[in-house]
2 protein chains.
Amino acid sequence: MDSDVKKISIAVIKRLPRYHRYLGELLQRDVERISSQELSRIMGLTASQIRQDLSNFEEFGQQGYGYRVRDLFEQINKILGLNCTYNCVIIGAGNLGQALANNEDFKKRGFVLKGMFDINPKIVGLKIAGVDVMDIDNLKEFIFTESIDIGVICTPKEAAPDIAKMLCSCKIKGIWNFAPVDLKAPEGVVVENVHLTDSLFTLSYRIQEQKLRERFKKGTAIKNKR
Amino acid sequence: MDSDVKKISIAVIKRLPRYHRYLGELLQRDVERISSQELSRIMGLTASQIRQDLSNFEEFGQQGYGYRVRDLFEQINKILGLNCTYNCVIIGAGNLGQALANNEDFKKRGFVLKGMFDINPKIVGLKIAGVDVMDIDNLKEFIFTESIDIGVICTPKEAAPDIAKMLCSCKIKGIWNFAPVDLKAPEGVVVENVHLTDSLFTLSYRIQEQKLRERFKKGTAIKNKR
């Protein structure tokens, strides 16, 4: 097994897409080198956290000279598997499915949309983002003939487990699930469940916390006035 | 400041929406009590992690009797600020904005959509999910007159910073941002940036890792045969 990949902890892996995003923006602005202090400022992480995370790729940093942006970006790009291309299908061609189909960022990073599937006869037959929306009955065959790697589930909650089962039976490699249910897959198939409510609930928590903080401040201000 | 809220670490807070989801499902199935072992099985966390997380609400667990599902759910619901309602607007009424507008889960949890805004004259004037799509020029006034708490940004990346500035100048409480850029807000405004690519890149990382694992296994199998 590739020891370069194995050494990195899952906590660091979870932060890599963020480094990838910021380093990509620096590259677009032709920045060649960046210090951990400067990266810390723009990313909102501590400089020591950044030094610790990037010590996994220490060959790209040099004491006093900062990190070489392009090399670091390319290394992270490779570790995230973004130097490969992935053939994708979207199941569920409603608003969310269409939003994902039209997202240019995914295409740019090697996620190639090959087809979309739905059960709604009003949608089946349409062309969205340059690909055909087909009837769900054709999904299995399409996965085999087009060597599909990733199935993106944008169906209602109720339909998602059966779709996932079908995808797994076709030996798909990964499932990106937007239905509000935690899908489980057999060994060999990777699932990422996206729960949009999670970030919404974190937002409402933080709004309440902010309210308390303001009330506390006002309380202190009134006390100080007295 | 409410000491009940302050005691809980941000790492635990980040896991609370997940507990909220699973406990909500148990409630729907009329489950009254659950052990940390059983919760561990369905949530895919270790029982010790669950006991540690829920020790923040220990009054609801009793050695040997498990956790009282409804009490625990309601406590977490309150901490996440989900016992309140939030007036929301969506800015950008394209596919993603429409998908969020039609999401029943948000409404059920107290996030009330009051209006949508766009610059596209083909969309302005439509009714989506029961609310009007208005011209962006009316946004500021609408926020004041309708006491809007949360602005959901579903615009292209380029427009997002200006929209965020406008929202902040109206003293909005929170911004839920889907544009692929990390928005920053002044003190007093809470921002949650959602980066869909982050979970997609984690998926591609895990697919590559899985490939390596299979190659390693095959290698071992061939060795064993020899």
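Keep in mind the model is a prediction, meaning the values are calculated, not measured. (Residues numbered from 1 in each chain as written. Chains lettered and ligands numbered in written order. Predicted model: local features only at pLDDT ≥ 70, side-chain atom pairs only at ≥ 80, totals over all residues. Heavy atoms only, no water.)

Novice: Explanation requested: the overall build of chain A in the structure shown.
Specialist: When you go through chain A residue by residue, the secondary structure sums to ten helices and ten strands. Here chain A has a C-alpha radius of gyration of 22 Å; the compact-globule value for 226 residues is 17 Å, and the former is much larger. Dimensions of chain A, computed from C-alpha atoms along their principal axes, come out at roughly 70 × 55 × 35 Å. For chain A, with 226 residues in total, the buried portion stands at 50%. Split by element, the accessible area of chain A, about 11,900 Å² in all, is 49% carbon and sulfur. For chain A, the separation between the mean place of its 34 positive charges and that of its 28 negative charges on side chains is 10 Å. (Helix = DSSP H or I, 4+ residues; strand = E, 2+ residues; numbered from the N terminus. Rg over C-alpha atoms; globule rule 2.2 N^0.38 Å. Buried < 20%, exposed > 50% of the residue type's maximum accessible area, 1.4 Å probe, protein only. Areas by Shrake-Rupley, 256 points an atom, 1.4 Å probe, with all protein chains shown as cover. Lys, Arg positive; Asp, Glu negative; His and termini not counted. Charge placed at Lys NZ, Arg CZ, Asp CG, Glu CD.)

Novice: How do you make sense of the interface of chain A and chain B when you look at a structure like this?
Specialist: Size of an interface: often given as the accessible area lost when the parts come together. Tallying the contact residues gives 66 residues for chain A and 66 residues for chain B. Between chain A and chain B lies a buried interface of about 6,100 Å² when both sides are counted; carbon and sulfur atoms form 66% of it. Scanning the region where chain A abuts chain B turns up eight salt bridges. Salt-bridge contacts for B:Lys157 lead to A:Glu25; the nearest nitrogen and oxygen are separated by 3.7 Å. Put simply, chain A and chain B have 22 residue pairs in polar contact (both at pLDDT 80 or more) between them. Of all elements in the fold, only α2 (10-28), α6 (95-101), α7 (104-108), β9 (174-177), β10 (190-193) and α10 (196-225) of chain A reach the threshold of two or more residues within the side of chain A that touches chain B. With 21 residues, α10(A) is the largest single contributor of residues to the side of chain A that touches chain B. Tallied by class, residues from the side of chain A that touches chain B come to 32 nonpolar, 14 polar and 20 charged. (Contact = heavy atoms within 4.5 Å. Buried area = accessible area lost by both parts, 1.4 Å probe. Salt bridge = Lys/Arg side-chain N within 4 Å of Asp/Glu carboxyl O. Polar contact = N/O pair within 3.5 Å; in protein donor to acceptor, adjacent residues only side chain to side chain. Nonpolar A, V, L, I, M, F, W, Y, C, P; charged D, E, K, R; others polar.)

Novice: For this particular structure, what's the right way to read the sheet that holds strand β4 (residues 86-91) of chain B?
Specialist: In any sheet, the strands associate via hydrogen bonds between backbone groups, in a parallel or an antiparallel arrangement. All names here are of chain B. Spatially, seven strands are ordered β6-β7-β5-β4-β8-β9-β10 in an open sheet, and the strand pairing comes out mixed. With one partner strand each, in any of the chains shown, β6 (127-128) and β10 (190-193) form the two edges of the open sheet. Contacts between helix α9 (residues 160-169) and the sheet are confined to β4, β8 (150-153) and β9 (174-177), with β8 contributing the most and set at about 175° to the helix. (Pairing = 2+ DSSP bridges. Axes fitted to C-alpha atoms, helices over the stretch in contact; angles between N-to-C directions.)

Novice: Mind showing me how you'd approach the nonpolar core here?
Specialist: A general tendency of soluble globular proteins is for nonpolar side chains to be buried together. The biggest cluster of nonpolar side chains holds 106 residues, and the ones touching the most others in it are A:Tyr19, A:Leu100, A:Trp176, B:Tyr19, B:Leu100 and B:Trp176. Not counting residues within four places of it along the chain, the set of residues in contact with A:Trp176 comprises A:Leu100, A:Phe106, A:Gly151, A:Val152, A:Ile153, A:Glu192, A:Val194, B:Leu196, B:Ser199, B:Leu200 and B:Leu203. (Core = buried A, V, L, I, M, F, W, Y, C linked by side-chain atoms within 4.5 Å.)

Novice: How do you make sense of the pairing of β4(B) when you look at a structure like this?
Specialist: In summary, the side chains of a regular strand alternate between the two faces of the sheet. Residues and elements named next belong to chain B. The buried fraction of β4 amounts to six of the six residues, a majority that puts the element mostly inside the structure. Side chains Tyr86, Cys88 and Ile90 project from β4 onto one buried face, and the interleaved Asn87, Val89 and Ile91 project onto a second face that is buried too. Inspection of the sheet shows β4 paired to strand β5 (residues 111-118) by six bridges, in the parallel sense. Looking at β5, one finds that valine 89 is bridged to glycine 115. Relative to β8, β4 runs parallel, the two sharing four bridges. Within β8, the position partnered with valine 89 by the bridge is glycine 151.

Novice: Sorry, what's going on with the sheet that holds β10(A) here?
Specialist: All names here are of chain A. Spatially, the seven strands line up as an open sheet ordered β6-β7-β5-β4-β8-β9-β10, and their pairing is mixed. Looking at the sheet topology across the chains shown, the edges are occupied by β6 (127-128) and β10. By the bridge criterion, two bridges tie β6 to strand β7 (residues 131-135) in an arrangement that is antiparallel. Pairing of isoleucine 128 across the sheet is with valine 131, part of β7. Docked against the sheet, helix α9 (residues 160-169) engages β4 (86-91), β8 (150-153) and β9, running at close to 175° with respect to β8.

Novice: How should I be thinking about the domain arrangement of chain A in this particular structure?
Specialist: Partitioning chain A into domains gives domain 1 (3-79), domain 2 (86-194) and domain 3 (200-226). On a C-alpha basis, the centres of domain 1 of chain A and domain 2 of chain A stand 32 Å from each other. (Domains from an automatic or database assignment.)

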